[in-house]
Amino acid sequence: MRRERLCRVLRYTALVLAAGCLYGAFVAYTGLAVPCLFWLLTGWKCPGCGVTRMCVALLRLDVRTAFESNPVLFALLPVLGVIFLQYAAGYVRNGSWKPGRVQTGILYGCIVLLVAFGILRNIVSL
């Protein structure tokens, strides 16, 4: 049972990573990307603006450009990676994706940081 859940987690993680890499390669090659609807409608940058540039830069191993594209999300990547690993390990162990209190608190903290960054990046750029 655990082995099946581990295989499922690895399979879906590989699919998501492969899709992300293919999208990143497509954007890097063509220059075409999904536009930010928030920016198109308001002219303001959302907390996620720059994520595609950040991911494409990471695929090129260009850490500086990745950081400049979205510094807060770039800094949160290791934290979010650890949280994902904890979720996945819990699922493999007991079949549940239910987060613990600490994980939930960290995720809410990440959301607060991203929203604050989204607001501040628009105030500072005015």
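Coordinates for the structure precede this section.
All values reported here derive from a predicted model rather than from experimental measurement.

Trainee: Kindly report on the overall build of the protein chain, identifying the contributing residues and their values.
Mentor: Per the secondary structure count, the protein chain includes six helices and zero strands. Mapped from its N terminus to its C terminus, the protein chain presents α and β elements in the order α-α-α-α-α-α. C-alpha atoms of the protein chain, sized along the principal axes, occupy 55 × 35 × 30 Å. In the protein chain, which comprises 126 residues, the share counted as buried stands at 22%. Considering only contacts within the protein chain whose residues lie at least 6 apart along the sequence, 51% involve residues at least 24 apart. Counting every atom, the protein chain has about 9,100 Å² of accessible surface; 73% of that belongs to carbon and sulfur.

Trainee: Give me the lowdown on the nonpolar core, citing residues and values where you can.
Mentor: Soluble globular proteins: nonpolar side chains tend toward being buried together. The biggest cluster of nonpolar side chains holds seven residues, and these are Met 54, Ala 57, Ala 66, Leu 73, Leu 76, Cys 110 and Leu 114. Among the secondary structure elements, those contributing two or more residues to this core are helix H3 (51-59), helix H5 (71-94) and helix H6 (101-124). The contacts of Ala 57, once residues within four sequence positions are left out, are Asp 62, Thr 65 and Ala 66.

Trainee: Help me get a handle on the packing of H5 against H6, residues and values and all.
Mentor: At a closest axis distance of 11 Å, the pairing of H5 and H6 adopts a crossing angle of 160°. Taken as axis vectors, H5 and H6 run roughly antiparallel relative to one another. Judged by the sense of rotation from one axis to the other, the crossing of H5 with H6 is left-handed. Every residue of H6 that contacts H5 at Pro 71, Val 72, Leu 73, Leu 76, Val 79, Leu 80, Ile 83, Gln 86 and Tyr 87 is listed here: Gln 103, Ile 106, Leu 107, Cys 110, Leu 113, Leu 114 and Phe 117. Of the residues assigned to the contact of H5 with H6, the class counts are 14 nonpolar, two polar and no charged.

Trainee: Give me the packing of helix H1 (residues 2-30) against H5: which residues, what numbers.
Mentor: Running from N to C, H1 and H5 point in directions that differ by 150°, and their axes come no closer than 7 Å. When the axes of H1 and H5 are compared, the pair comes out roughly antiparallel. The interaxial crossing formed by H1 with H5 has right-handed handedness. Of the residues in H5, those in contact with Arg 2, Arg 5, Leu 6, Arg 8, Val 9 and Thr 13 of H1 are Phe 84, Ala 88, Tyr 91, Val 92, Arg 93 and Asn 94. By residue class, the composition of the contact of H1 with H5 is six nonpolar, two polar and four charged.

Criteria and thresholds
Residues numbered from 1 in each chain as written. Predicted model: local features only at pLDDT ≥ 70, side-chain atom pairs only at ≥ 80, totals over all residues. Heavy atoms only, no water. Helix = DSSP H or I, 4+ residues; strand = E, 2+ residues; numbered from the N terminus. Buried < 20%, exposed > 50% of the residue type's maximum accessible area, 1.4 Å probe, protein only. Contact = heavy atoms within 4.5 Å. Areas by Shrake-Rupley, 256 points an atom, 1.4 Å probe, with all protein chains shown as cover. Core = buried A, V, L, I, M, F, W, Y, C linked by side-chain atoms within 4.5 Å. Axes fitted to C-alpha atoms, helices over the stretch in contact; angles between N-to-C directions. Parallel < 35°, antiparallel > 145°, perpendicular 65-115°, else oblique. Left-handed = near helix turned anticlockwise from the far one by under 90°. Nonpolar A, V, L, I, M, F, W, Y, C, P; charged D, E, K, R; others polar.

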